[in-house]
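Architecture at a glance
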Amino acid sequence: MATIEEIAKMAGVSRGTVDRVLHERGKVAKEKEELIRKIAEELGYRPNIAGRGLSIRKKNLRILFLRPDSSHGHFYEKVEEGVLSYEKTLEPFNVEVRHVRRMDWYVGFDGGRILNLLKKERFDGVVLDGILWKTNAQVIRYLEEQGIPYVAYNCTVPREKVLAYVGCSYEKAGRIACRLAAFGRTGEIRVGIASYDFGNIESSQLRIKAFLEEAEKYDGMQIVF
């Protein structure tokens, strides 16, 4: 497996420069950054998880987890259970979820309240539901200004600096649902689509759109809303 030393040698830069680029720990000239990332990709570089785990032990990382307070099903309750459960796995690495904040599903949440919390207390990372990214806008801007990494779940956030997205492909889900509806059936197929969404939730929009596009492949499929 490629090492930082190998990448540095091929790029003609110091090990520290490579480290700053790969771990986003400081500014590097754009040309050098692009070269380093290209070489790292070509060599199949992967970070040393064990080594990073040892370094994390020396810190006390605090994570802020944000979730909507939805009465529609138990989806977010399960997400929260997973977060709190995995927190126990991270305890040996001094990682803890200090707050679980709920936000109103439709109205969004009091961004000022969350901003005050972020300014008052130290957080090393934030996890938020991408479905509310528009109402999260002022919080996201603050995170980016302060260099606090954030991760989106459920729906991705259309921002370049989001660290990662954790969730499924809603387009694939819609297409698979359509194929299952048509599986083993011949002739005319009448399909009803039921959703508690009023049409303003991105995940539902993507699923239904993909379902309808896939349905066009079946001559006898009739969609009944």
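The structure we're discussing is the one just above.
Structure report, in brief. (Residues numbered from 1 in each chain as written. Predicted model: local features only at pLDDT ≥ 70, side-chain atom pairs only at ≥ 80, totals over all residues. Heavy atoms only, no water.)

1. Some details on the side chain of Asn154
Our working definition: Where helices and strands are cited, they refer to DSSP runs of H or I of at least four residues and of E of at least two residues respectively, numbered from the N terminus. Between N or O atoms, a polar contact is any pair within 3.5 Å; within protein, one atom must be a potential hydrogen donor and the other a potential acceptor, and residues adjacent in sequence are included only when both atoms are from side chains. Here, residues are in contact when the closest pair of their heavy atoms is within 4.5 Å.
Among the secondary structure elements, Asn154 is positioned in the loop between strand E4 (150-153) and strand E5 (164-166). Within the structure, Asn154 has its side chain in polar contact with the side chain of Asp129 (distance 3.3 Å). Sequence-distant contacts of Asn154, that is, excluding residues within four places in its chain, are made with Phe75, Tyr76, Asp129, Ile131, Tyr165, Val166 and Tyr170.

2. Remarks on helix H3 (residues 30-43)
Heads up, the condition is: To estimate the expected span of a helix, count its residues, drop one, and scale the result by 1.5 Å. Accessible area is worked out with a 1.4 Å probe on protein chains only. A residue is then buried under 20% of its type maximum, exposed over 50%, and partly exposed in between. Directions are taken from the helix axis to each C-beta atom, and the arc is the one they span.
Between its first and last C-alpha atoms H3 spans 20 Å; for 14 residues at 1.5 Å apiece the expected length is 20 Å, and the two agree. Within H3, burial applies to Ile36, Ile39 and Ala40. The buried residues of H3 occupy an angular sector of 100° when the element is viewed end-on, so they sit on one face. The exposed set on the far side of H3, more than 90 degrees from its buried face, consists of Lys30, Glu31, Lys38, Glu41 and Glu42. As for H3, its buried residues are in contact with helix H1 (4-11) and helix H2 (15-22). Of the residues flanking the end of H3, it is Gly44, one or two places downstream, whose phi is positive at about 70°.

3. A word on the environment of Phe75
Structurally, the position occupied by Phe75 is in helix H5 (residues 75-90). Spatially, the C-alpha atoms of Phe75 and Asn154 are 10.0 Å apart, while their sequence positions differ by 79 residues.

4. Things to note about the pairing of strand E1 (residues 61-69)
Here is the rule we go by: Pairing between two strands requires that DSSP report at least two bridges joining them.
For E1, the buried fraction is high: eight of the nine residues fall into the buried class. As defined by bridge partners, E1 adjoins strand E3 (residues 125-129) across three bridges and the pair is classed as parallel. Its bridge partner lying in E3, Ile63 is registered against Gly125.

5. Some points on the nonpolar core
The condition that has to hold: We define a nonpolar core as any set of buried Ala, Val, Leu, Ile, Met, Phe, Trp, Tyr and Cys residues linked to one another through side-chain atoms lying within 4.5 Å.
Judged by nonpolar contacts, the single largest core of 18 residues is most densely connected at Leu64, Leu118, Val126 and Leu143. Setting aside chain neighbours within four positions, we find Leu64 in contact with His99, Arg101, Ile114, Leu117, Leu118, Phe123, Gly125, Val126 and Val127. Ala2, Ala8, Ile36 and Ala40 belong to the second-largest nonpolar core, a separate cluster that totals 13 residues.

6. Describing the packing of aromatic side chains
What counts here: Note on aromatic contacts: the rings of Phe and Tyr and the six-membered ring of Trp form a pair at centre separations within 6.5 Å, being stacked when their planes are under 30 degrees apart, edge-to-face when over 60 apart, and tilted otherwise. A ring has a charge above it when a Lys NZ or an Arg CZ is no more than 6 Å from the ring centre and no more than 35 degrees off the ring normal.
For the structure on display, the rule yields one aromatic pair. Ring centres 5.5 Å apart and planes at 25° place the aromatic pair Phe65 and Tyr153 in the stacked group. Within this pair, whereas Phe65 is found in strand E1, its partner Tyr153 is found in strand E4, the two being separated by 88 residues in sequence. Of the two residues, Phe65 and Tyr153, neither departs from the other in class, the shared state being buried. One Lys or Arg, Arg62, reaches over the ring of Phe123 and ends 5.0 Å from the middle of that ring.

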